[in-house]
Amino acid sequence: MVFLRPLLVSLLLFCGNSCAVPPSATTSMAGPGVSFLALGDSYTIGEGVAEAARWPVQLAALARQQGVAMQQPTIIARTGWTTAELQDATAEARPAPAYGLVSLLIGVNNQYRGQGVGRYRPEFRALLHQAIGFAGGRPGRVVVLSIPDWGQSPFGRRQGADPAATGAEIDQFNAVAQDECRQAHVAYVNITTLTRAATTDRDQFTRNGLHYSGAQMRQWAGRVLPVVLPMLR
């Protein structure tokens, strides 16, 4: 990973304020429809894509097509955030509780920084329970997405990342998240397989070859949709 680190640091870890989406930027909890809070990192803000292509925005649109009135999502996410940084940000933002749906997708930067699953588990658990609180104490209104496998991306391959090693580490993080979701009675959706299947299709990635395109995130939203529809009806 020696050659990969400098550019990954710039793409995954350091980003200006333009990459942050403040809680009030995309929606207000006033008005009809299911309110939706999306928590995460660059994969939730859709680094490199238009706002309409972000997976939470696409999910809300798909839900409306299925007859579920859903507001545009409130997004708290920034490129580079780890579990601890997301937890700090949500504490500072203080989103109102009792959202109709809360999503969580976090952990790639924990894996990249080498923090290990031993540290990830308690931080993820705290975030998960925080998400349940934002859903009004209803674990049945929370959905967690697995971590995409960036080691399979065109950028990762160009820079000489070891896809097997990266994938194995991501699997470990995802196993922890899935176990915590099971214990908390929270829905868990595996999108990692979709990102691995996209590895040879350049259209599934943004210009930098590291983050995912709206077309790929549409698949994420499509996989999450049948899980959340029964929650909301």
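Preceding this section is the structure that the text describes.
These remarks concern the structure in this document.

Rules and cut-offs
- Residues numbered from 1 in each chain as written.
- Predicted model: local features only at pLDDT ≥ 70, side-chain atom pairs only at ≥ 80, totals over all residues.
- Heavy atoms only, no water.
- Helix = DSSP H or I, 4+ residues; strand = E, 2+ residues; numbered from the N terminus.
- Buried < 20%, exposed > 50% of the residue type's maximum accessible area, 1.4 Å probe, protein only.
- Contact = heavy atoms within 4.5 Å.
- Areas by Shrake-Rupley, 256 points an atom, 1.4 Å probe, with all protein chains shown as cover.
- Pairing = 2+ DSSP bridges.

1. Concerning the overall build of the protein chain
Along the protein chain, the regular secondary structure elements total ten helices and five strands. Scored against the burial criterion, the 233 residues of the protein chain give a buried share of 55%. Long-range contacts, defined as pairs at least 24 residues apart, comprise 79% of the intrachain contacts of the protein chain with a sequence gap of at least 6. Of the roughly 9,400 Å² of accessible surface on the protein chain, a fraction of 53% belongs to carbon and sulfur atoms.

2. Quick look at the pairing of strand E2 (residues 74-77)
Side-chain alternation along E2 places Thr 74 and Ile 76 on one buried face and Ile 75 and Ala 77 on a second face that is also buried. Here four bridges tie strand E1 (residues 36-40) to E2, and the two strands are oriented parallel to one another. Counterpart to Gly 40 in the pairing with E2 is Ala 77.

3. Structural notes on the pairing of strand E4 (residues 142-145)
Strand residues, when the strand is regular, have side chains that alternate between the two faces of the sheet. Side chains Val 142 and Val 144 of E4 all project onto a buried face; the interleaved residues Val 143 and Leu 145 project onto the opposite face, where all are buried too. As defined by bridge partners, strand E3 (residues 101-105) adjoins E4 across three bridges and the pair is classed as parallel. Pairing of Leu 104 across the sheet is with Val 144, part of E4. Bridging between E4 and strand E5 (residues 187-189) involves three bridges; their strand directions are parallel. Bridge pairing in E5 places Leu 145 opposite Val 189.

Functional significance is not addressed by these values, which are geometric in nature.
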